[in-house]
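Given next are the chains, with one letter for each unit.
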Amino acid sequence: MEAVASPRGSGGGNLGATVRPMPPAPSPPLHPARGRFAPSPTGLLHIGSARTALAAWLAARSRGGSFVLRIEDLDAPRCRPGATGAILRDLAWLGIDWDEGPDVGGPAGPYVQSLRMDVYHAAMGTLARGGHLFACSCSRKDVRGAASAPHGPEGPVYPGTCRERRIAEWRGAPPRGTSVRFRAEGQVHLVDWVQGRRTADTAGMGDFVVWRADGVPAYQLAVVVDDAAQGVGEVWRGADLLDSTARQVAIFRALGAAIPRYGHVPLVLGPDGQRLAKRHGAISLAELREAGADPRRIVLALATSLGLPAPGGPCAPTDLLPLWDPSRINTDPSEVALGGTGPGGSPAASPAP
Ligand code: GLU
């Protein structure tokens, strides 16, 4: 995978007053197949996320890689109390294990993003020194309303209003109301296990936020910093995050960090062909378990929906290890047939009225 050459700049702002200490260099065991699952604790683990976790686990374990569980809880208003514990319990029920995570610790911890602020500050220092950052006071409304703002697939593209307010040195988060953006320039090429070759013009996507105006590191920054610091060699996740990948590759390059290999699995559909949602009935593992579902039947349904060869019946994730083949993964959204996941193949739960 290649990525854009980084811009270099000078000058800049003098934001905030706190100088953060550099954290100790992390030393995760490096392995190209080291994988991770990084859920946000915003609710119960649903069947789509479980399928992504299974793919990530199989990709890592089938090649002897270790597996990291990281909780992405930086968007505090969206997080639900108890969700982290429930996610860990549901993954374990399915038969997915991890070597490092919030409950077991490990050499590249902590494994909860809200406990990793020093690491994000240190990364912002590197990006600032490289000339990649600028302070931005534009509101969403400003960006939407800018006469020159072109529209991309994800909405209005940042028009570059504050681009020259470079931050040469990171001295802590800017005052509330000011965000920090990354100067997006050039093209990114990547090869995805599922989606194939892709080229993205990051400049066309616009300069993007890496530190939010409410004082929180943005997802794009935190996910890259953690995948790099935790030595993740392969990232499997939902295709809804595919458009973020080019931005993340640009950050990896700017940090001088190794870029993982990506695999983006398509969305899970309901029986009506629409994106799987609550109205389709029980879609969380917790609901399915309470309805008497057999985890081995769920694993079979998830594997079949991914496109893996059928293992011949209900199975544990470990039974799928010899069958893992990234080239088999469905490129189109597909259904997970939950109808027969109850005991003896009976329905585990009735559809929502
Ligand atoms: N935390 C993100 C989510 O739950 C996933 C991030 C990622 O896998 O890169 O949607």
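Predicted, not measured: the structure shown is a model, and the values here were computed from it.

On to the overall build of the protein chain, then. Secondary structure summary: the protein chain contains 9 helices and 13 strands in total. Relative to its full complement of 353 residues, the protein chain shows a buried share of 50%. Taking the contacts inside the protein chain whose residues are at least 6 apart along the sequence as the reference set, 76% of them involve residues at least 24 apart. When the accessible area of the protein chain is evaluated, it comes to approximately 15100 Å², of which 53% is carbon and sulfur surface.

Counted according to the given criterion, the structure contains 21 salt bridges. Among the ionic pairs, E100 bridges to R34, the shortest N-O distance being 2.7 Å. Placement of E100 in the loop between α2 (83–94) and α3 (117–129) and of R34 in the segment before β1 (35–37) is noted, with a sequence separation of 66 residues between them. Among the residues examined, E100 registers a relative accessible area of 5% and is labelled buried. For the salt bridge of D227 with R70, the shortest nitrogen-to-oxygen distance reads 3.0 Å. Placement of D227 in helix α6 (residues 219–229) and of R70 in the loop between β2 (67–69) and α2 is noted, with a sequence separation of 157 residues between them.

Attention shifts here to the packing of aromatic side chains. Applying the stated criterion to the full structure yields 4 aromatic pairs. Between F182 and F208, the aromatic rings sit 5.2 Å apart at their centres with planes inclined by 25°, giving stacked as the arrangement. Remark: F208 occurs in strand β9 (residues 208–211) and F182 occurs in strand β6 (residues 179–182); sequence separation between them is 26 residues. Across the pair, exposure class does not vary: F182 and F208 are buried alike. Here R181 stacks its cationic end above the ring of Y158, 3.9 Å away from the centre of that ring.

Neighbouring the ligand are R36, A38, P39, S40, E72, Y219, V223, R237 and L241. The separation between a nitrogen atom of the ligand and a polar main-chain atom of A38 is 2.7 Å. Between the ligand and the protein, one listed contact pairs a nitrogen atom with a side-chain N or O atom of S40 at 2.9 Å. Protein contact buries 77% of the 300 Å² of open area that the ligand shows by itself. Looking at the shell around the ligand residue by residue, the classes come out as 5 nonpolar, 1 polar and 3 charged.

This part covers the pairing of β6. Side-chain direction in a regular strand flips from residue to residue, so the side chains alternate between the two faces of the sheet. Alternating residues of β6 divide into S179 and R181 and V180 and F182, and every residue in both groups is buried. Bridging between strand β3 (residues 133–136) and β6 involves 4 bridges; their strand directions are antiparallel. For C136, the partnering residue across the bridge sits in β6 and is S179. As judged from the 3 bridges shared by β6 and β9, these two strands associate in the antiparallel manner. Across the sheet, R181 pairs through a bridge with V209, a residue of β9.

Attention now goes to helix α7 (residues 245–255). Most of α7 sits out of view: 9 of its 11 residues are buried. In the stretch just after α7, G256 is the one whose phi turns positive, near 70°.

Along an α-helix, residues three or four positions apart point the same way, because every turn accommodates 3.6 residues. The end-to-end C-alpha separation of helix α9 (residues 295–306) is 16 Å, in line with the 16 Å expected for 12 residues at 1.5 Å each. The set of residues buried in α9 consists of P295, I298, V299, A301, L302, A303, S305 and L306. Near the N-terminus of α9, the side chain that reaches the backbone nitrogen of R296, with its oxygen 2.9 Å away, is that of D294. Backbone geometry just after α9 places G307 at a positive phi near 105°.

The nonpolar side chains of soluble globular proteins are, as a tendency, buried together. Counting residues in hydrophobic clusters, the biggest one holds 46 residues, and the most contacted among them are I47, L91, W236 and L288. With 10 residues, the top contributor of residues to this core is helix α1 (residues 47–61). If we ignore the near neighbours within four places in the chain, the residues touching W236 are R36, T52, A55, A56, A59, W193, V194, G263, V265, W324, P326 and I329. Judged by nonpolar contacts, the second largest core, of 35 residues, contains A128, I167, V223 and V225.

When the pLDDT values of the protein chain are averaged, the result is 88; 88% of them are 70 or greater. The model gives residues 1–24 a pLDDT under 50, and that stretch makes 64 contacts with residues more than four places away or in other chains.

Looking now at the packing of α3 against α7. The contact between α3 and α7 brings their axes to 9 Å, and the two run at 80°. When the axis of α3 is compared with that of α7, the two are roughly perpendicular. For the pair α3 and α7, contact is made by A123, T126 and L127 and by I251, A254 and L255, respectively.

So, on to the sheet that holds β3. If you walk across this open sheet you meet the 3 strands as β3-β6-β9, and the pairing is antiparallel. At either margin of the open sheet sits one strand with a lone partner, and together these are β3 and β9. Taken over all neighbouring pairs, the strand axes of this sheet differ in orientation by 45° on average, direction set aside. Each of β3, β6 and β9 touches α3; the most contacted strand, β9, lies at about 130° to it.

Take the packing of α3 against α6 next. For the pair α3 and α6, the least separation of the axes is 10 Å and the interaxial angle reads 100°. Relative to α6, the element α3 is oriented roughly perpendicular. Where α3 abuts α6, its residues V119, Y120, A123, M124 and L127 lie against L221, A222, V225 and D226. Broken down by class, the residue content of the contact of α3 with α6 amounts to 8 nonpolar, no polar and 1 charged.

What counts and what doesn't
Residues numbered from 1 in each chain as written. Predicted model: local features only at pLDDT ≥ 70, side-chain atom pairs only at ≥ 80, totals over all residues. Heavy atoms only, no water. Helix = DSSP H or I, 4+ residues; strand = E, 2+ residues; numbered from the N terminus. Buried < 20%, exposed > 50% of the residue type's maximum accessible area, 1.4 Å probe, protein only. Contact = heavy atoms within 4.5 Å. Areas by Shrake-Rupley, 256 points an atom, 1.4 Å probe, with all protein chains shown as cover. Salt bridge = Lys/Arg side-chain N within 4 Å of Asp/Glu carboxyl O. Phe/Tyr/Trp six-rings, centres within 6.5 Å; stacked < 30°, edge-to-face > 60°. Lys NZ or Arg CZ within 6 Å of the ring centre and 35° of its normal. Near = heavy atom within 4 Å. Polar contact = N/O pair within 3.5 Å; in protein donor to acceptor, adjacent residues only side chain to side chain. Nonpolar A, V, L, I, M, F, W, Y, C, P; charged D, E, K, R; others polar. Pairing = 2+ DSSP bridges. Expected span 1.5 Å × (residues − 1). Core = buried A, V, L, I, M, F, W, Y, C linked by side-chain atoms within 4.5 Å. pLDDT = per-residue confidence, 0-100. Axes fitted to C-alpha atoms, helices over the stretch in contact; angles between N-to-C directions. Parallel < 35°, antiparallel > 145°, perpendicular 65-115°, else oblique.

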